Amino acid sequence: MTNQRYGGEVPASAIPSQRSAADAYRVTEDQVHRARIVVARNAEDSEDCRQLLDMLGLIGTSADSLPPVRR
């Protein structure tokens, strides 16, 4: 593929594929981790932290299940 702006070749891998509506709502594991850190730093105590994480869908119902934001 020729890049009209620069007149050079652009490898196909350099052009991102079109995103679907589902991709817009996909949350990465890193985003979940960073959100948990922010909640933990700003919670008043452990119960407050647990409630906030639960409300935000950042914890699963069991230790080995995915949190709702990752489903």
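No experiment lies behind these values; they were computed from the predicted model shown. (Residues numbered from 1 in each chain as written. Predicted model: local features only at pLDDT ≥ 70, side-chain atom pairs only at ≥ 80, totals over all residues. Heavy atoms only, no water.)

Draft legend 1. Examining the pattern of salt bridges more closely. Overall, the coordinates contain two salt bridges when judged by the stated rule. In this structure, the salt-bridge partner of Asp 30 is Arg 34, at a minimum N-O distance of 3.0 Å. With Asp 30 and Arg 34 both in helix 2 (residues 29-42) and four residues apart, this pair spans about one turn of that helix. Among the residues examined, Asp 30 registers a relative accessible area of 44% and is labelled partly exposed. For Arg 50, the salt bridge identified is with Glu 47, shortest N-O distance 2.9 Å. Linking Arg 50 with Glu 47, this pair stays in helix 3 (residues 46-55), spanning three residues, or about one helical turn. (Salt bridge = Lys/Arg side-chain N within 4 Å of Asp/Glu carboxyl O. Helix = DSSP H or I, 4+ residues; strand = E, 2+ residues; numbered from the N terminus. Buried < 20%, exposed > 50% of the residue type's maximum accessible area, 1.4 Å probe, protein only.)

Draft legend 2. View of the packing of helix 2 against helix 3. With their axes 9 Å apart at the nearest point, helix 2 and helix 3 run at an angle of 145° to one another. Crossing of helix 2 over helix 3 shows right-handed handedness. Within the contact between the two elements, helix 2 uses Arg 36, Val 39 and Ala 40 and helix 3 uses Cys 49, Leu 52 and Leu 53. Along the lines of polarity and charge, the residues of the contact of helix 2 with helix 3 split into five nonpolar, no polar and one charged. (Axes fitted to C-alpha atoms, helices over the stretch in contact; angles between N-to-C directions. Left-handed = near helix turned anticlockwise from the far one by under 90°. Contact = heavy atoms within 4.5 Å. Nonpolar A, V, L, I, M, F, W, Y, C, P; charged D, E, K, R; others polar.)

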